[in-house]
Structures are given as C-alpha cells and as structure tokens.
Amino acid sequence: MTDFWNQVLNFAETTTFRVGNKLLKDFGNVKADEKADGSLVTKSDKWADREIREAIASTFPTHGILTEESQQIFPSNEWCWIIDPLDGTTNFAKGVPIWGICMGLLYRGTPIFGYVSLPPLHQSYYGFYAQENQTYFTNPPIPRAFLNHRQIQPIKDRISGNHLFNLCTRSTRIIPQLSTKIRMIGMASYNFLLVASGASVGGVEATPRIWDIAASWVIAKAAGAIWIPLGSGDIFPLKIGKDYLSHPFPTLVVGNEELVPHFLSIVEPLRK
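The structure reproduced in this document is the subject of the present report. (Residues numbered from 1 in each chain as written. Predicted model: local features only at pLDDT ≥ 70, side-chain atom pairs only at ≥ 80, totals over all residues. Heavy atoms only, no water.)

**A closer look at the overall build of the protein**
Rules: For helices the rule is a DSSP run of H or I covering at least 4 residues; for strands it is a run of E covering at least 2, with both sets numbered from the N terminus onward. Exposed residues in this analysis have more than 50% of their type's maximum accessible area, buried residues have under 20%, and partly exposed residues fall in between, with area computed by a 1.4 Å probe over protein chains only. The contact rule is simple, with two residues in contact once any of their heavy atoms fall within 4.5 Å. To measure how exposed things are, a 1.4 Å probe is used in the Shrake-Rupley method; for residues, cover is taken only from the protein chains shown. Think of it this way: Lys and Arg go in the positive column, Asp and Glu in the negative one, and His and the chain ends go nowhere. For this purpose, a charge sits on NZ of Lys, CZ of Arg, CG of Asp or CD of Glu.
For the protein, the count of helices and strands is 6 helices and 14 strands. The C-alpha extent of the protein, read off along each of the three principal axes, is 50 × 45 × 35 Å. Looking at the protein as a whole, 56% of its 272 residues qualify as buried. For the protein, the share of sequence-separated contacts (at least 6 apart) that also reach a separation of at least 24 residues comes to 62%. Looking at the protein as shown, the accessible area adds up to about 11,800 Å², and 49% of this sits on carbon and sulfur atoms. For the protein, the distance from the average position of its 25 positive side-chain charges to the average position of its 24 negative side-chain charges is 4 Å.

Shown next as structure tokens:
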C-alpha cells in the first residue's frame with residue numbers, strides 16, 4: 001500500500017482502539033435516551049462522536065465529516081469521513097456484547113475505505129475498494145477485505161437448512177419464506193460483515209442509515225459479496241448539501257451471484 005493508505009489504516013486502527021477501550025468501561029453501565037426518530041443514544045455515543053471528529057480534524061484537516069450524532073449534511077470536501085461512533089447502541093445499553101465503531105472514508109461521495117471495530121469481540125474488519133471508474137485519483141487501493149488482518153471472502157456454497165441468514169427487527173415478516181436458520185444481530189454493519197466473512201449466506205436491513213453502511217459497503221464489496229440496494233437508485237455518490245439524518249437505505253447483501261434471485265424475491269416486500 002502507499003503511504004497514504006497506510007496512514008488511513010493506522011489512523012482507523014489507533015482511533016477505534018483508543019475510543020473502544022473507553023466504551024468498554026461504559027458498556028452496560030449507561031442510561032439510554034430516546035431520540036426523535038425512536039432510536040437510542042447515550043452519553044457514550046456523544047463522547048465517542050466528539051473524540052473521533054477531533055481526531056479526524058487533527059490528522060486530516062482538509063477532510064469533511066458526516067456523523068450520526070452531530071453532522072448529518074454531506075459536505076463539499078473532496079474527501080469525507082462517515083462515522084457511526086457506536087453502532088448497536090441498544091445492545092450497548094442493554095449489556096449485549098455486539099456493538100462497534102464504524103469509519104468510512106469517501107472520495108467525491110463514494111466510499112474507498114471502511115473500518116469497523118467490535119471491541120467486545122476483539123474483532124476489526126477493514127477493506128479497500130475502488131470501482132473501475134474511480135481512476136481520477138493517484139494510486140487507488142487494491143480491493144481486499146480483512147478480519148483481524150486475515151483476508152476474508154463470502155460463502156460460495158449453495159443454500160442449505162444449516163446456513164445462516166441475518167435479519168433486522170423490521171424485516172421479520174419474511175421469516176416464513178426463509179429456508180435457512182436466522183440470526184438477528186442488532187448491529188446493521190455487523191449484519192453485512194458476517195456475510196462478507198462467510199459466516200452468513202446473506203443479510204437484510206430494512207432501514208439502515210448512511211453511517212450504518214458506508215464502512216460495511218466497502219468491506220462487503222472488497223470481499224466479493226453482492227450488495228443490492230432495495231431503495232430507488234444507487235446509494236453512491238452522496239449528494240453535497242443533502243441531509244442524511246432520516247434517509248433509510250434498505251439493503252440486501254448475499255455471498256454470491258447465484259443467491260441473488262432466491263433472496264431478492266423473498267425480500268421484495270421490504271423495497272422502498
């Protein structure tokens with residue numbers, strides 16, 4: 001990798017490690033408040049948001065920031081970080097050890113790098129992904145995805161009753177049509193990362209926000225998983241000046257092309 005991409009990876013690793021260690025001390029010991037959209041937030045979310053924003057501003061002063069807790073309008077900066085300082089807040093507040101920190105780096109509105117740290121599980125996923133038409137910057141990264149520095153890839157098997165498919169709470173209506181075992185993770189990004197790493201054959205989220213998917217989009221695509229937006233139009237590039245606070249991006253991710261028609265027909269009722 002070039003010096004720049006090494007700097008980006010090292011920054012994500014050190015920042016999420018430092019923030020994650022503090023969050024582990026708060027884990028299960030904080031009060032959650034309900035936001036206007038019905039989701040939960042804790043003082044830990046807000047602290048982590050501030051810490052990561054300050055770290056980005058210090059290390060990459062020309063980069064913009066989009067974040068769930070404080071800055072939801074996509075800026076005009078050529079490079080922009082999208083962060084979810086605490087994905088899985090409900091799990092975090094209730095003492096369920098499936099939550100993490102998500103950081104995605106975008107160039108001209110499209111993610112190039114993604115990093116997701118899950119401190120309670122001692123797992124860190126990351127990936128680099130440059131599309132073929134993204135040749136307008138020097139030295140694009142080689143598309144690859146990793147779990148704890150071990151390269152990952154999605155499952156290539158055919159569907160069986162012993163495979164796993166991940167759901168969110170708003171997609172349970174499709175359960176009767178599934179021939180697989182099911183898992184409900186409670187963390188949107190991890191739902192998709194389990195597909196990228198081959199643990200699950202597929203996963204669906206009915207209402208994820210952009211900070212839930214920016215990092216996992218890169219990692220899933222880099223690993224070779226198939227990412228299928230269930231909304232109208234492409235997700236990326238993001239639009240300068242748009243407020244992304246209340247914009248959902250329903251998504252299906254599967255392990256390989258052969259699985260697309262099977263699961264796409266099942267999740268059709270979730271399309272927006």
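**Notes on the sheet that holds strand 11 (residues 181–184)**
What counts, and what does not: Any two strands are treated as partners once DSSP identifies two or more bridges connecting them. An axis is simply a line fitted to the C-alpha atoms; with a helix, the fit covers only the stretch in contact. Between two such axes, the angle follows the N-to-C directions and lies from 0 to 180 degrees.
Taken in spatial order, the 5 strands line up as 11-10-12-14-13 in an open sheet, and their pairing is mixed. In this open sheet, the two strands that pair with only one neighbour each are strand 11 and strand 13 (226–229). Recorded for the sheet is a direction-independent mean angle of 15° between the axes of neighbouring strands. Relative to strand 12 (residues 202–205), strand 10 (residues 164–167) runs parallel, the two being bridged by 2 bridges. Note on strand 12: the bridge partner recorded for Phe165 is Gly202. Of the strands in this sheet, strand 10, strand 12, strand 13 and strand 14 (251–254) are in contact with helix 4 (residues 188–196), which crosses strand 12 at around 160°. Taken strand by strand, helix 6 (residues 260–267) contacts strand 10, strand 12, strand 13 and strand 14, and its axis lies near 155° from that of strand 14.

**Observations concerning the pairing of strand 4 (residues 79–87)**
Extensive coverage of strand 4 is indicated by the burial of 9 of its 9 residues. By the bridge criterion, 4 bridges tie strand 3 (residues 64–67) to strand 4 in an arrangement that is parallel. Of the residues in strand 4, the one forming a bridge with Ile65 is Trp81. Pairing of strand 4 with strand 5 (residues 100–107) involves 7 bridges; the strand directions are antiparallel.

**What to know about the sheet that holds strand 4**
Spatial ordering of the open sheet is given by 3-4-5-6-7-8-9, a layout of 7 strands whose pairing is mixed. Unpaired on one side and paired on the other, strand 3 and strand 9 (150–151) mark the two borders of the sheet. Sheet analysis places strand 7 (residues 123–128) next to strand 8 (residues 144–147), joined by 4 bridges and oriented antiparallel. Bridge assignment links Tyr126 to a residue of strand 8, and that residue is Phe146. In this fold helix 4 packs onto strand 4, strand 5, strand 6 (110–118) and strand 7, with an angle of close to 75° to the strand it touches most, strand 7.

**Details of unusual backbone geometry**
For the peptide bond that leads from Phe236 to Pro237, omega is 5°, which places it in the cis range. A positive phi angle, close to 50°, is found at Asn148, a residue other than glycine. By the secondary structure assignment, Asn148 is in the loop between strand 8 and strand 9.

**Observations concerning the packing of helix 1 (residues 3–26) against helix 2 (residues 43–59)**
Defined as follows: Roughly parallel here means an angle under 35 degrees, roughly antiparallel means over 145, roughly perpendicular means 65 to 115, and every remaining angle is called oblique. Two helices crossing with the near one rotated counterclockwise from the far one by less than a right angle form a left-handed crossing, whereas a clockwise rotation gives a right-handed crossing. Note on residue classes: Ala, Val, Leu, Ile, Met, Phe, Trp, Tyr, Cys and Pro are nonpolar, Asp, Glu, Lys and Arg are charged, and everything else, Gly too, is polar.
Where helix 1 meets helix 2, the closest approach of the two axes is 11 Å, and the angle between their N-to-C directions is 155°. Taken as axis vectors, helix 1 and helix 2 run roughly antiparallel relative to one another. In terms of crossing hand, the pair formed by helix 1 and helix 2 is right-handed. Together, Gln7, Phe11, Thr15, Arg18, Val19, Lys22, Leu23 and Asp26 of helix 1 and Ser44, Trp47, Ala48, Glu51, Ile52, Ala55, Ile56 and Thr59 of helix 2 make up the contact between the two elements. Here the contact of helix 1 with helix 2 is built from residues that sort into 8 nonpolar, 4 polar and 4 charged.

**Examining the layout of surface pockets**
Heads up, the rule is: Only protein atoms enter the 1 Å grid used here, on which a cavity is any set of points holding a 1.4 Å probe that cannot leave and a pocket is any open set flanked by protein within 12 Å on both sides along at least five of seven lines; residues with an atom within 4 Å of a point are listed as lining. Grid points are joined across faces, edges and corners, and a volume is the space filled by probe spheres set on the points.
Its volume calculated, the largest pocket comes out at about 770 Å³. In terms of lining residues, the largest pocket is bounded by 29 residues, among which Ser39, Thr90, Arg170, Gly186 and Asp212 are the most central. Of all the secondary structure elements, the ones that give two or more residues to the lining of the largest pocket are strand 4, helix 3 (89–94) and helix 5 (210–223).

**Here we look at helix 4**
With 9 of its 9 residues buried, helix 4 lies for the most part within the structure. Every buried residue of helix 4 is accounted for by Ala188, Ser189, Tyr190, Asn191, Phe192, Leu193, Leu194, Val195 and Ala196. Two residues or fewer past helix 4, Gly198 is found with a positive phi of approximately 90°.

All we've got here are geometric facts, nothing functional implied.
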